[in-house]
Amino acid sequence: MKPYAELHCLSNFSFLRGASHPEELVVRAHELGYQALAITDECSVAGVVRAYSAINEHQLSLKLIVGTELSLSCGQKVVLLAPCRQAYAEMCHVITIGRRRCEKGSYSLSKEDLESLTKGLLLWLPSHQEPQDAVFSEWLATHFIGRGWLLYERLMTSYEVAEGYDVERYTERLSRRMRFPVCAAGNVRMHVAERQALQDILTAIRLNCSVQDAGAALLSNTEHAMRPMKKLAAMYPQAWLNETLNVASRCELDLGTLRYEYPRELVPENVSPQRHLKYLVEKGIKIRFPNGVSLQIQRTIRRELALIEEQGYEYFFLTTYDIVQFAKRQDILYQGRGSAANSVVCYCLEITSVDPRQIKVLFERFISKERNEPPDIDVDFEHQRREEVFQYIYQKYGRERAALAATVIRFKFKSALRSVGKALGINESTLDYYIKNINRRDRELGWQSQLSELGLDPNSALGGHLIRLTHEIIGFPRHLSQHVGGFIISAGPLSELVPIENASMADRTVIQWDKNDLESLGLLKVDVLALGMLSAIRRSFDMIQHLYGRTLCIADITREGDDPAVYAQLQRADSIGVFQVESRAQMSMLPRLKPACYYDLVIQIAIIRPGPIQGDMVHPYLRRREGKEAVDYPSPEVKDVLERTLGVPIFQEQVIKLAMVAAGFSGGEADQLRRAMASWNKSGQLQKFKQKLIVGMESRGYDREFAERVFQQILGFGEYGFPESHSASFAVLAYVSAWLKHYYPYAFYCGLLNSLPMGFYSPSQLLQDASRHGLAIEAICINRSRYDHRIHCDNSLNSERRIGLSAQGTAQALRLGFRLVRGLSSKGIARLLEARPEDGFTTMTQVQGVGLDRRDLEALASANAFACLSGNRYQARWDMLNDAHRLPLFEQHINEEKPKSLRPLSTTQLPLPDDWDDLQEDYAATGLSLSHHPVRLLRDAGVLGPFTAAIELMEKTHKSIVTVTGVVTGKQSPGTAAGVTFFTLEDDTGNINVVVWQATARAQKQAYLTSKILEVTGILEKEGEVIHVIAGRLSDKTHLMNKLDARSRDFH
Amino acid sequence: MRWLALHFPQLQLDGVYSTQAGTSDKSEGVDDNKVAPEPLKPISAMLVLDDKQCVCQLNDAADQAGVQYGMKLGTASALVDDLQLFNHSSEFEKQRLLEIAHACYQVSADIAVWNSKTLILDVAPMLKLYGSFECYVDALFEVEALDDVRMSAVIANTPLAAYLLSCTGDIDDPLVEQFSRQDVWLPILDRLNVDSVGIAREQSLQLKRLGLHYLGDVRELIEAEHSRKELGNRMGKKLLSHIAQLFGDEVLALTYFKPKDVFSHSVLLEYEVYRTTALLFPIKNILQVLQQYLQRRAKRIQTLSLYFQQRDGSVLSVNLASAEPERDSARWLNLVRLKLESMKLPAPVIGLRLEAIKLLEERVQSSDLFDLKPALSPGQLVARIQAKFGDESVKKMHLEADHRPEYSFRYESVSTQPEHTSRLNEELVSHDSTHVSDGECLKYSKRSQTLRPSLILSLPVPLQESVRFIHGPERIQSAWWTEAPVCRDYFVARNTAQQTLWVFRDQAQEWFVHGLFA
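The written sequence of each chain sets the order in which its residues are numbered from 1. As they are written, the chains are lettered A onward and the ligands numbered 1 onward, keeping that order. Given that this is a predicted model, residues contribute local features only at a pLDDT of at least 70 and side-chain atom pairs are listed and counted only at 80 or more, while totals for whole chains, interfaces and linings are drawn from all residues. The basis for every side-chain value is the complete set of non-hydrogen atoms in the structure, without hydrogens or water.

**Comments concerning the overall build of chain A**
Right, so step 1: Counting its secondary structure elements, chain A contains 45 helices and 22 strands.
Right, so step 2: In terms of overall dimensions, chain A is globule-like: its C-alpha atoms have a radius of gyration of 34 Å, near the 31 Å expected for 1052 residues.
Right, so step 3: Dimensions of chain A, computed from C-alpha atoms along their principal axes, come out at roughly 100 × 80 × 70 Å.
Right, so step 4: By the convention used here, residues are in contact when the closest approach between their heavy atoms is within 4.5 Å. Taking as baseline every contact in chain A between residues at least 6 positions apart, the subset at least 24 positions apart corresponds to 73%.
Right, so step 5: The method behind every accessible area is Shrake-Rupley, applied with a 1.4 Å probe, and residues are considered shielded solely by the protein chains displayed. Carbon together with sulfur atoms contributes 49% to the accessible area of chain A, which is approximately 42100 Å² in total. By the criteria applied, helices consist of DSSP H or I runs no shorter than four residues and strands consist of E runs no shorter than two, each listed in order from the N terminus. With C-alpha atoms as the basis for the radius of gyration, the globule rule is written as 2.2 Å multiplied by the number of residues raised to the power 0.38.

**Considerations on the sheet that holds strand 17 (residues 812–815) of chain A**
Either a parallel or an antiparallel arrangement is found when strands of a sheet pair, and the pairing is made through backbone hydrogen bonds.
All names here are of chain A.
Right, so step 1: By the convention used here, strands pair only if DSSP detects at least 2 bridges between them. As summarised here, the arrangement of the 3 strands in space is 15-17-16, forming an open sheet in which the pairing is mixed. If you trace the sheet from one side to the other, it starts and ends with strand 15 (777–778) and strand 16 (790–793), each paired once.
Right, so step 2: With 4 bridges joining them, strand 16 and strand 17 adopt antiparallel strand pairing. Looking at strand 17, one finds that I791 is bridged to L814.

**As for the interface of chain B and chain A**
Right, so step 1: Across the contact, 70 residues belong to chain B and 81 residues belong to chain A.
Right, so step 2: Note on chain B versus chain A: buried area summed over both sides is about 6600 Å², and carbon and sulfur give 54% of it.
Right, so step 3: Interface area lost by chain B to chain A is led by R209(B), R234(B) and W480(B), which between them contribute 14%.
Right, so step 4: When the shortest N-O distance is used, the salt bridge between R475(B) and E223(A) registers 2.9 Å.
Right, so step 5: N or O atoms closer than or at 3.5 Å make up a polar contact, with two conditions inside protein: a donor-capable atom paired with an acceptor-capable one, and, for residues adjacent in sequence, both atoms drawn from side chains. Along the contact surface separating chain B from chain A lie 22 residue pairs in polar contact (both at pLDDT 80 or more). Reported buried area values correspond to the accessible surface (1.4 Å probe) lost by two parts on association, with both partners' losses combined. One side-chain nitrogen of Lys or Arg within 4 Å of one carboxyl oxygen of Asp or Glu is enough to make a salt bridge.

**Here's the deal with a nonpolar patch on the surface**
Residues and elements named next belong to chain B.
Right, so step 1: Note on patches: the residues involved have over 30% relative accessible area and no salt bridge, like charges join within 9 Å, and the nonpolar side chains Val, Leu, Ile, Met, Phe, Trp and Tyr join within 5 Å. Taken together, the side chains of M397, L399 and Y411 make up a nonpolar region of the molecular surface, amounting to roughly 360 Å² of accessible area.
Right, so step 2: In this fold, Y411 is placed in strand 15 (residues 409–413).
Right, so step 3: Each residue gets one of three labels from its accessible area relative to the maximum for its type: buried under 20%, exposed over 50%, partly exposed in between, using a 1.4 Å probe on protein chains only. When its relative accessible area of 53% is taken as the criterion, Y411 is described as exposed.

**Some points on the nonpolar core**
Proteins that are soluble and globular tend to have nonpolar side chains buried together.
Residue and element names in this part refer to chain A.
Right, so step 1: Each nonpolar core is a collection of buried residues, namely Ala, Val, Leu, Ile, Met, Phe, Trp, Tyr and Cys, held together in the definition by side-chain atoms within 4.5 Å. With 129 residues, the main nonpolar core has L114, F317, I393 and W513 as its most contacted residues.
Right, so step 2: Those residues in contact with I393 that sit more than four places away from it in its chain are I323, G398, A402, F487, I489 and V528.
Right, so step 3: Residues A670, M697, Y702 and L860 belong to the second largest nonpolar core, which totals 125 residues.

**Here we look at the pattern of salt bridges**
Right, so step 1: With the rule as written, the count across this model stands at 66 salt bridges over all chains.
Right, so step 2: Residue R17(A) is joined to E42(A) by a salt bridge in which the shortest nitrogen-to-oxygen separation is 2.5 Å. Remark: E42(A) occurs in the loop between strand 2 (36–39) and helix 2 (48–58) and R17(A) occurs in the loop between strand 1 (5–6) and helix 1 (22–31); sequence separation between them is 25 residues. You'll find R17(A) and E42(A) in the same group, each marked buried.
Right, so step 3: Ionic pairing is found between D542(A) and R538(A), a salt bridge with its closest N-O pair at 2.7 Å. Pair noted here: D542(A) and R538(A) are both in helix 21 (residues 532–548), with a separation of 4 residues, about one helical turn.
Right, so step 4: Through salt bridges with shared partners, a single ionic network connects E223(A), R227(A), K231(A), R475(B), D489(B) and R505(B).

**Some words on the packing of aromatic side chains**
Right, so step 1: Whether two aromatic rings pair depends on their centres lying within 6.5 Å, for rings of Phe, Tyr and Trp, where Trp uses its six-membered ring; planes under 30 degrees apart make the pair stacked, over 60 edge-to-face, and the rest tilted. Going through the model one piece at a time under the given rule, you end up with 35 aromatic pairs over all chains.
Right, so step 2: The interplanar angle of 45 degrees and the centroid separation of 6.3 Å between the aromatic rings of F760(A) and Y761(A) together place this pair among those described as tilted.
Right, so step 3: Among the aromatic residues, those joined into a ring-pair cluster are W124(A), F136(A), W139(A) and F144(A).
Right, so step 4: As a reminder, the over-ring test applies to NZ of lysine and CZ of arginine, requiring each to be within 6 Å of the ring centre and within 35 degrees of the ring normal. One Lys or Arg, R399(A), reaches over the ring of Y394(A) and ends 4.0 Å from the middle of that ring.
Right, so step 5: Sitting over the ring of F504(B), R488(B) keeps its end group 4.4 Å from the ring centre.

**Regarding a negative patch on the surface**
Right, so step 1: Charge counting follows a simple rule: Lys and Arg are positive, Asp and Glu are negative, and His as well as the terminal groups are ignored. The location of each charge is read from NZ of Lys, CZ of Arg, CG of Asp or CD of Glu. A grouping of E134(B), D138(B), E142(B), E144(B), D147(B) and D148(B) is seen on the molecular surface, where their side chains present a negatively charged patch.
Right, so step 2: Considering the arrangement of structural elements, one finds E142(B) in helix 6 (residues 133–142).

**Digging into the environment of A330(B)**
Right, so step 1: Looking at the element boundaries, A330(B) is found in helix 14 (residues 329–341).
Right, so step 2: For the pair A330(B) and L294(B), spaced 36 residues apart in sequence, the C-alpha to C-alpha distance is 14 Å.

**Section: a positive patch on the surface**
Right, so step 1: There is a patch of like positive charges on the surface, built from K414(A), K436(A), K52(B) and K72(B).
Right, so step 2: In this fold, K414(A) is placed in helix 16 (residues 413–423).

Structure (structure tokens):
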């Protein structure tokens, strides 16, 4: 068999055109004995790194060529190949130009754009339109002498064999005329012929029609699959096949040699980066350790610096340092996390605030030579100010040198079923019905079986196609999107390293590689992420400084050491609003785990995650912590890995390490395992390790059951990996927010409320929590509110509220801000605040004179902001609806003190709202009510039966039968708790946690699914301070709200 | 004046023909009189969804399961296990309402189509004719078209009031004559939520946020002249005018329905129908309705059209003609059955409509083939020829974008109606370059004309002579989703008689002739 190199091949990164993954293509090319394979995705290099990694992973003797297929504006199609680094840079540059000109997803290039290519090879696929081909061939002959070819692709389609026309001879003729050699190619779109069906489906999706209607747009046969060399030999002249090898032999580019050059401006001239980093660390030591640094920490710093130098990571740390220093200068709160972030070096560089003296146990685990991981530092910034950091980066390095990494958006189950179904001609409501009724978290019944339960016959042709093709398309890339914050910054133009294209967001550009690609090539990125809690904390700090004159920073609080009072509060599950531990599941775990120190909090945050839960590690850990189960280790190595978590694996790193010490994985295998957890085809990739892990652990004397659980845990991490280093950084913020909640509750709630939307809770829930903590809350007022909520100190306030006493001894209150008012424009708020007299408005007319939008005025009226001027919010709205004041005649009166010259606003008297009306209006206008609660109103109206209020549940005994009633504020069926739904009911005294088992839910579907106000009778479960009601009977009380409506009365 | 509103809240759902009984294979004898027995098993829950995928119509089974109007599909489908879904079609409802108006026109003269669900009938002029209100209502309710639809009928002294009351659905005895008395209906109107008084959503929202939750609130407010003026200033004169029309202080001019001399009847099918035989049951019912319709008018018809609404949205039309003007439903059914027997449904059918446009007087002389009137349109000519020779003899050719040669064209029956089928296919054939980004496909379709022989055999015949290949092969391997996927290598070949043949080899390595080049 004669060797062959395939030079024209599209992967599925030519979105909706290629029907095979790059990985599949290289493996198949190798099987067929191809010498080389060019991945030539359309105006893209997005798939090529996957191909590169697959070749390395499987150690294939296949040469990878990087290229791209381009359809030019003149109607010609060419394939560019990059023989060397320079050609590659030029090619990336051309792709960037073509992409940047157009909207996301498209490109536009003329042949003139290709004239900048000085090294690249060009293969031309003639259009077979004689006059156009003549023009183009002339142009080619001038610009690509010695590096141009004609492509001949035989695909057995009708046009190749049409009577009186012969593509082969036409190509030959052109070749003679141009003196370009002819080179064979296969125009590969799929690695095997069996992908034809999927290929057709992709075409139909692209054309937004069904395969039945796609007609001639579909491929007419399977010749676009990779073909065996024997077949190729029969179809192509030998010389043209040989020519492929000539072309391939000229391609010497190795993706592995692509090197990233860091921006040099970060280091002063004549100073080595090592020296500069050392200098900055020493500078940092003086800030972080004003009283001197211990020998042990000095040793750690030296070791870390040596490691950084050895791996050549100085610039990475310097780049991150530069970004956080910017944030520090701008007073933007930030916090680093990630494997490299938890080092003393990062503490000294002020990238993190994790004090090594307090948690020395953490160090040294993170930067490690043996694990071939690139260092990972993610920096979280205040979510509302992260854009400033982005702009700083763009400004400092320029858009040519800084861009965001891409995220590959792939077909997931829902989008896959919908797209494939549509392409098969199934109507959309049927598909909707399927999608809504399939529970992806049902671990016993796969979606395929569920589909047949929903009425799809899997044995019918259509059913079979739907199931098979949906399965096949899952994981296919659909388009590129921007990574949330992964920046790549380089010394030279980035487009010489990887093409840049437009993102859908205006003024954003992304590179064509995602973070896995960057990692595969050993390129480093800096993650600039947004975190709402940082905004909240910064606001709280500002308020504390302003009100009490105390300046705080995160490091100050952690440096004080673990505060028992703060942990006591957490142990009571008093954690609404506290970072990371405020969810329902976390709150029920807090009283059981009873975190008492920083590291407990690190575990607390990591344990309520899919990994430990799926691995069933939570209860063993609890038992051991409570001393109900002995802590033992099968071997000293395992003890080393698991000692800090009482022998139970909790963190992702522990599980990987466990695979090494307990199942005999090599370093390389462990690395593959780690990558498999992050890859798109998780379960498929991870299954490969199952056997090895279980057999390995069993042969080393572990329980099979334990090994199975460890594997389940690995699958769980695949869904949501959670390494210890992240938990460690999050725990700092969790502690700081809990600390604020304990010592400065006003500043805490106020900072949180001003940073919404974030976290789990609505303003209403947060404010109810605040008032249960005894905080005074004051309604929105036209004369007293500002845009934001604020803390308001006033000696005249009731000084009995001890918690409200500020440092100066004056009582405080939280005044709600205009930001809560729905439909009120920020422009309107600004205008209002600007025009508001020092001592407030005295009449409604005066407010009207400010010149606000009618909508704004109505919104304010309905929010009862005029309560101090008008007793009736309906009347206020009515008055504000009047357009009369808008007449120019009245404008001059605005600031004059004679409102009596104006006509009275209205002579009509509107009904006075009752409590129910007020509640409705409160919710409609602001989403919360300070004065009323629906359950309270219903109870007062006497329409509810007897029930136990949330606050009284504490006094009930374990296993007693209780009835509770509340507004359904939360309904969660986590995938990690099979068949259980957690309801949160809210009455006027607090929240009630209700557990509804699947059978209960099924038997009372209507109440379960649709209730807004729910009455539950069930059994009280009490474990320490954790209280649940296990639901027995559910009854929907929503309709009772109609009874509150006083005016559904007879009018006569 | 008194006005009667007929409100049909579930027009689409009521139009669903229950095929559950009809589709069983045993019931062959369609022309027996008792073909469509009552459905045996309880009807499953059926929902009509609006474009936001929310429930807008539901049947009793769905109601019992707790499904409510406005519910999201997700919630509804969690409540009911076995669910039939339909997308709302206002076209269908409009059509059905016109059909009902048509039927009512037999007993009541002034009928206004209020919206897609409601008819307003002017009662006053009819009282003279019928003598009493009771007699009128009795006559009206005799109209068969009203039998199988859910309806609420309310009489009031303004059209708007009648309409609003008919929508409320909680009135015990809406047809009592005293309803024309204000003291009876005013309290009911007063209790209407402002959401349901026929004003724009923004307006009703605005009213509520002023504490005016019920029509009565608004009415009481505007009793005072100054308040009426102030409300007008704030909410616009249109609102005041609307209320005035409601209470009869302002007259609303209605446009009355003018019937066309056309019979049309639509039904939706409960299930997608794949076989033509299953369509006979609903058609039989409609033909019976047609027969009564014609009897009443002393008319006959010679042609009728059937429109099959297919799942993909396209409509398949079938025209039938009888040799003689005919009214008898059984005869027409026979014709329909003959026609459908030979027909294959290209896509499942979800609804159908029967239409007879040309109603002929009772005594019409039948004309023979050569007695052609000059005014005959080509369509009529075709219909005439079809009537004489059977429509199977008249065909027209249609090109399809299909890689399989035998499906690249088809003969189809000639219809006088414009064809709606495979619109997309046609687009792909005629302007391929705009839709298709792949160069290959572009070339393919441009050159495809030159490669296909002028005569393609409908059935390939085995090749039984030696041939010499000229071109080839072209491989066609496509249509995996159909029942007739192909995988063949085609060659252009010449036989000893110098005929140019189009031959192929199939997967079993057998050779066939599929066409001849001219």
